[in-house]
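The primary structure of each chain is shown beneath.
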Amino acid sequence: MKASVQNLQPYVPEKPLATLAQELGLDRVVRLSANENPYGTSPAVAAAVKAWDFTQSNRYPDADAAALRTAVAKREHVDEDQLVFSVGLDEMIVMVSRTFLTPGDQVVVSAPTFAEYGLHAEIEGAQLVSVPTLANDHVDFSALAAAVTPPVKMVWLCNPNNPTGTVESLTDIEAFIQQVPSETVVLIDEAYLDFAPNAAAITAMQLPGKYPNVVVMRTFSKAYGLANFRSGYAVFSKEYAPTMQAVRLPYNVNSLTQVATLAALNDQDFVHATVQKNAVERAKWQTFFDDNQIQYDESGANFIFFKYPKADQLATYLLQHGYALRTGLRPDWLRLTIGTAEDNAAIQQLILAYRS
Ligand SMILES: *Cc1c(COP(=O)(O)O)cnc(C)c1O
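Basis of the calculations
- Residues numbered from 1 in each chain as written.
- Predicted model: local features only at pLDDT ≥ 70, side-chain atom pairs only at ≥ 80, totals over all residues.
- Heavy atoms only, no water.
- Near = heavy atom within 4 Å.
- Polar contact = N/O pair within 3.5 Å; in protein donor to acceptor, adjacent residues only side chain to side chain.
- Areas by Shrake-Rupley, 256 points an atom, 1.4 Å probe, with all protein chains shown as cover.
- Helix = DSSP H or I, 4+ residues; strand = E, 2+ residues; numbered from the N terminus.
- Contact = heavy atoms within 4.5 Å.
- UniProt positions renumbered as here; feature names shortened; annotations may be inferred.
- Axes fitted to C-alpha atoms, helices over the stretch in contact; angles between N-to-C directions.
- Parallel < 35°, antiparallel > 145°, perpendicular 65-115°, else oblique.
- Left-handed = near helix turned anticlockwise from the far one by under 90°.
- 1 Å grid on protein atoms, 1.4 Å probe; cavity = no way out; pocket = protein on both sides within 12 Å on 5 of 7 lines; lining within 4 Å.
- Points joined across faces, edges and corners; volume = space filled by probe spheres on them.
- Nonpolar A, V, L, I, M, F, W, Y, C, P; charged D, E, K, R; others polar.
- Domains from an automatic or database assignment.
- Phe/Tyr/Trp six-rings, centres within 6.5 Å; stacked < 30°, edge-to-face > 60°.
- Lys NZ or Arg CZ within 6 Å of the ring centre and 35° of its normal.
- Salt bridge = Lys/Arg side-chain N within 4 Å of Asp/Glu carboxyl O.
- Buried < 20%, exposed > 50% of the residue type's maximum accessible area, 1.4 Å probe, protein only.

Draft legend 1. Representation of the site of the ligand in the model. Neighbouring residues of the ligand: 14 residues in total, closest D189, Y192, T219, S221 and K222. Between the ligand and Y192, the relevant distance is 2.5 Å, taken from an oxygen atom to a side-chain nitrogen or oxygen of the residue. In the model, an oxygen atom of the ligand is placed 2.5 Å from a nitrogen or oxygen of the T219 side chain. Protein contacts shield 94% of the accessible area of the ligand, which totals 380 Å² for the unbound molecule.

Draft legend 2. How the structure looks around the environment of L262. On the secondary structure map, L262 appears in helix α10 (residues 255–266). Considering only alpha carbons, one finds L262 and A44, 218 residues apart in sequence, at a separation of 9.6 Å. Leaving out residues up to four positions away in the same chain, L262 has contacts with A67, L68 and A71.

Draft legend 3. Layout of the UniProt feature "modified residue: N6-(pyridoxal phosphate)lysine" (unreviewed entry) in the protein. In this numbering, the UniProt entry assigns the feature "modified residue: N6-(pyridoxal phosphate)lysine" (unreviewed entry) to K222. Tracing the chain through its elements places K222 in the loop between β7 (214–219) and β8 (232–235). Beyond its immediate stretch of four places on either side in the chain, K222 contacts A34, N35, N37, A191, Y192 and F195.

Draft legend 4. Representation of the packing of helix α3 (residues 66–76) against α10 in the model. The geometry of α3 relative to α10 is characterised by a closest axis approach of 9 Å and an angle of 30° between their N-to-C directions. Taken as axis vectors, α3 and α10 run roughly parallel relative to one another. α10 is crossed by α3, and the crossing has left-handed handedness. Of the residues in α10, those in contact with A67, L68, A71, V72 and R75 of α3 are Q258, T261, L262 and L265.

Draft legend 5. The environment of N213, seen in detail. For N213, the location among the structural elements is in the loop between α8 (199–202) and β7. Those residues in contact with N213, other than ones at most four positions away along the chain, are V180, P181, S182, T184, V185, V186 and Y240.

Draft legend 6. Spotlight on the layout of surface pockets. Estimated volume of the largest pocket: approximately 1100 Å³. If you list the elements that add at least two residues to the lining of the largest pocket, you get α4 (88–100) and α5 (115–123). Of all the elements, α5 adds the most residues to the lining of the largest pocket, at five residues. Grouping the amino acids of the lining of the largest pocket by side-chain chemistry returns 18 nonpolar, 15 polar and 12 charged. Each of domain 1 (3–41 + 269–355) and domain 2 (50–266) accounts for three or more of the residues forming the lining of the largest pocket. Size it by volume and the second largest pocket reaches roughly 370 Å³. What lines the second largest pocket is a set of 14 residues, among which E14, S33, A324, L325 and T327 lie closest to the centre. Class assignment for the residues of the lining of the second largest pocket results in seven nonpolar, three polar and four charged.

Draft legend 7. Quick look at the packing of aromatic side chains. Summed over all chains, the structure comprises 18 aromatic pairs. Between the aromatic rings of Y308 and Y354, the centroid separation amounts to 6.1 Å while the plane-to-plane angle is 55°, which identifies the pairing as tilted. Of this pair, Y308 sits in the loop between β9 (303–307) and α12 (311–320) while Y354 sits in helix α13 (residues 341–355), placing them 46 residues apart in sequence. Site record: aromatic cluster; members linked through ring pairs are W285, F288, F289, Y296 and F306. Note that R330 overlies the ring of W333, its terminal NZ or CZ placed 4.9 Å from the centroid. The ring centre of F303 lies 5.8 Å from the NZ or CZ of R335, which sits over that ring.

Draft legend 8. Just empty space enclosed by the protein, in detail. As enumerated under the stated definition, the model contains four cavities of 30 Å³ or more in all. What lines the largest cavity is simply V72, R75, E76, D194, R218, T219, F220, Y224, Y233 and L265. Within the residue set of the lining of the largest cavity, elements represented by two or more residues are α3 and β7. In terms of residue count, the dominant contributor to the lining of the largest cavity is α3 (three residues). Of the residues assigned to the lining of the largest cavity, the class counts are five nonpolar, one polar and four charged. Of the pockets and cavities examined, the second largest cavity occupies roughly 60 Å³. Take the lining of the second largest cavity: its biggest share by element is three residues, from strand β5 (residues 152–158). Taken together, the residues that form the lining of the second largest cavity break down as six nonpolar, four polar and one charged.

Draft legend 9. Examining the pattern of salt bridges more closely. Going through the model one piece at a time under the given rule, you end up with 12 salt bridges. The partner of D343 in a salt bridge is R28, with the nearest N and O atoms 3.2 Å apart. Remark: R28 occurs in the loop between α1 (17–24) and β1 (30–32) and D343 occurs in helix α13; sequence separation between them is 315 residues. Judged by relative accessible area, which is 7%, D343 ranks as buried. One salt bridge connects R31 with E36, and the closest N-O pair in it is separated by 2.8 Å. Connected through shared salt-bridge partners, R75, E76, E190 and R218 make up one network.

In structure tokens:
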């Protein structure tokens with residue numbers, strides 16, 4: 001076994017909800033720890049999956065994901081040959097780490113952020129350099145730029161960031177990119193972009209066309225409600241895309257995922273409804289936290305990161321009442337996926353009851 005994998009802290013996946021409910025002796029557990037879509041999935045997805053021709057099950061899927069490719073390219077105003085599809089963004093993180101990193105390299109992140117960037121850097125024998133966020137949990141761009149020394153091969157920017165929910169402007173991101181050497185890859189993970197106010201003005205989608213070392217990543221797991229289908233993609237420059245296609249397993253995205261993703265993409269009404277309901281509920285949460293003097297980060301995502309003394313005890317209390325939140329991301333802080341209006345109101349009542 002290679003040395004870099006011998007002491008890994010594995011990503012702890014979510015337990016199946018039925019298992020969790022059974023363990024807790026509850027009828028229902030609402031998972032608000034994984035940033036899933038609380039409004040389900042577009043009904044068009046079920047229809048498309050049911051309509052799929054199962055006699056094709058013995059055939060390999062379309063390695064190009066041609067129909068999906070055309071639809072995404074058109075929607076995002078990028079060239080079809082800039083797109084690389086993956087088994088969720090998880091697989092894309094593996095693929096880019098494998099492509100750009102060799103042992104001894106360094107990877108820079110603004111911390112806290114998504115743990116998988118560091119995990120896959122470590123597997124490749126690279127070292128993670130974490131630059132702390134500012135007091136308001138925004139990216140410290142000048143410290144980040146200073147950390148980009150010659151051993152650094154990759155810089156991750158998650159926008160909006162997981163777990164803080166903070167949003168950086170396209171102006172700041174582009175100014176940062178201009179300070180990074182052209183051999184260093186800057187990866188912008190836009191898993192939560194759809195939820196950001198003014199998302200169209202914030203996306204870095206057009207930057208790979210302008211800077212060959214920039215990559216922009218999207219997933220269908222969150223706003224599109226397709227977490228179970230494992231579907232994501234990245235936009236590369238034309239310089240990088242052919243290599244990425246060569247690294248990608250040819251049949252990584254199965255036909256059902258391609259069909260489901262295309263149906264989800266074509267139902268923008270579902271996405272808009274999700275984003276709108278999330279924005280309304282997010283504002284209510286911020287009011288709740290303000291009213292109760294609970295510190296939180298300004299969020300442009302479908303989750304909120306907030307501070308609570310002995311946060312793990314509050315999380316245990318909420319779990320015993322059927323609500324799972326994400327712990328362990330920063331001492332005394334919890335990440336809450338914004339749920340339905342009914343569940344949010346119930347959790348707020350539980351927090352008030354817990355306090356008194
Ligand atoms: C959820 C998430 C992903 C990965 O999602 P997939 O389901 O693998 O597409 C990627 N990046 C961030 C920041 C996430 O929170």
